[in-house]
Amino acid sequence: MSAEDRKKRRKQRRKERNRRRAESHPAHPRFWPTWVGLGLLRVMALVPIPVLGAVADGLGTLGWALMPGRRHIVRVNLATAFPEKPEAERRRLERGAFRAGLRGGVEGALSWWASERRLARRYTIEGLEHLEAAREQGKGIILLGGHYTTLEISGRLLRRHVPDLYPTYKAATNPVFDRVMVNQRKKLFAGLPESRDMRAMLRALKRGGVVWYAPDQDFGRKRSVFAPFMGTQAATVPMTGRIAKTSGAPVVPLYSERRPGNRWHLRLAPALEDFPSGDDVEDARRINAAIEEEVRRTPDQYLWLHARYRTRPEGEPPIY
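Treat the numbers as computed from the prediction; the structure is a model and nothing was measured.

The subject of this paragraph is the pattern of salt bridges. Counted according to the given criterion, the structure contains 22 salt bridges. Across the pair R259 and E257 runs a salt bridge, and its minimum N-O distance is 3.2 Å. The partly exposed category is assigned to R259, whose relative accessible area is 37%. When its relative accessible area of 9% is taken as the criterion, E257 is described as buried. Connected through shared salt-bridge partners, R75, E87, R91 and E94 make up one network.

Okay, here's the thing in structure tokens:
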């Protein structure tokens, strides 16, 4: 390669780096729709909560009508999880899942920006004594969450009672949204470990903190074991049992649901007994069974928009 060719190649690489740097800048035009959406969310935080709920229900119904691909995922999820339910009932749950998903999204605005006074009178909580009993072990606490559509708002409400709360998170693919999300959550919580950062979670537990971890999404075959979820084998992250084994921290299930009148209810259950077992599959089975309890209680409020059964055991055909 001649000196001239090498010079051209270096110039091309610099040009490519500059292009990528410009495209990743928050002010790049490709992020303008994100800023508009975040601005709308900020405004929504000022809207009366009953009005906000009605708007979210309308948007959810619209999403059900306009998103056939996502509607297919929800429909297959419900048929897989609730084969015993009549089809008409599953169709009702299908629409409800879209409405609940949109409610969960706009409730994020309340979680990040609403005043304490507005939220304080709209929720109830039970089972805090189970959290206090678990604290007595002195190992920190693993709070077992699930991807209920109330997940975001329940974090904001729970931190009123649990100041040393460390919810884990998965980085959003949109860097602008991710930056805003992380900044707002860091203002609320004691810390924000990334969901794959086991060391950060262990450090928080060593300090006696409460680490909130939700393992019920499909992250592919390499990171998962297979365990039944709603009667069907599902790829399940075994991190909960491994963190519990390493730290000695008890695992306390947390359930949350949306109730009539634009209210929320949080419920803490007693710590799981004889957990972990040391067997990843058995521990994943118990974790999934604990999450199922709330799914069966409020089936339309689970995040069925996620392709929970995407990864299949070896030899099984795709579900979707």
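Moving on, we get to empty space enclosed by the protein. If you walk through the whole model with that rule in mind, you get three cavities of 30 Å³ or more. For the largest cavity, the calculated volume is near 50 Å³. Counting only elements with at least two residues in the lining of the largest cavity, the list comes to α3 (49-66) and α5 (87-113). When its residues are assigned to classes, the lining of the largest cavity shows six nonpolar, two polar and two charged. Here the second largest cavity is characterised by a volume of approximately 40 Å³.

To continue, consider the side chain of E152. Relative to the elements of secondary structure, E152 occurs in helix α8 (residues 151-158). For E152, the residues in contact, after removing those within four places along its chain, are G108, S111, W112 and R185.

On to the packing of aromatic side chains, then. All chains considered together, the criterion is met by seven aromatic pairs. Judged by centre distance (5.5 Å) and plane angle (85 degrees), the rings of W112 and W113 are edge-to-face. For W112, a relative accessible area of 9% corresponds to the buried category. Positioned over the ring face of W64 is R95, at 4.1 Å from the centre of the ring.

What counts, and where the lines are drawn
- Residues numbered from 1 in each chain as written.
- Predicted model: local features only at pLDDT ≥ 70, side-chain atom pairs only at ≥ 80, totals over all residues.
- Heavy atoms only, no water.
- Salt bridge = Lys/Arg side-chain N within 4 Å of Asp/Glu carboxyl O.
- Buried < 20%, exposed > 50% of the residue type's maximum accessible area, 1.4 Å probe, protein only.
- 1 Å grid on protein atoms, 1.4 Å probe; cavity = no way out; pocket = protein on both sides within 12 Å on 5 of 7 lines; lining within 4 Å.
- Points joined across faces, edges and corners; volume = space filled by probe spheres on them.
- Helix = DSSP H or I, 4+ residues; strand = E, 2+ residues; numbered from the N terminus.
- Nonpolar A, V, L, I, M, F, W, Y, C, P; charged D, E, K, R; others polar.
- Contact = heavy atoms within 4.5 Å.
- Phe/Tyr/Trp six-rings, centres within 6.5 Å; stacked < 30°, edge-to-face > 60°.
- Lys NZ or Arg CZ within 6 Å of the ring centre and 35° of its normal.

Remember, this is a structural readout, not a statement about activity or role.
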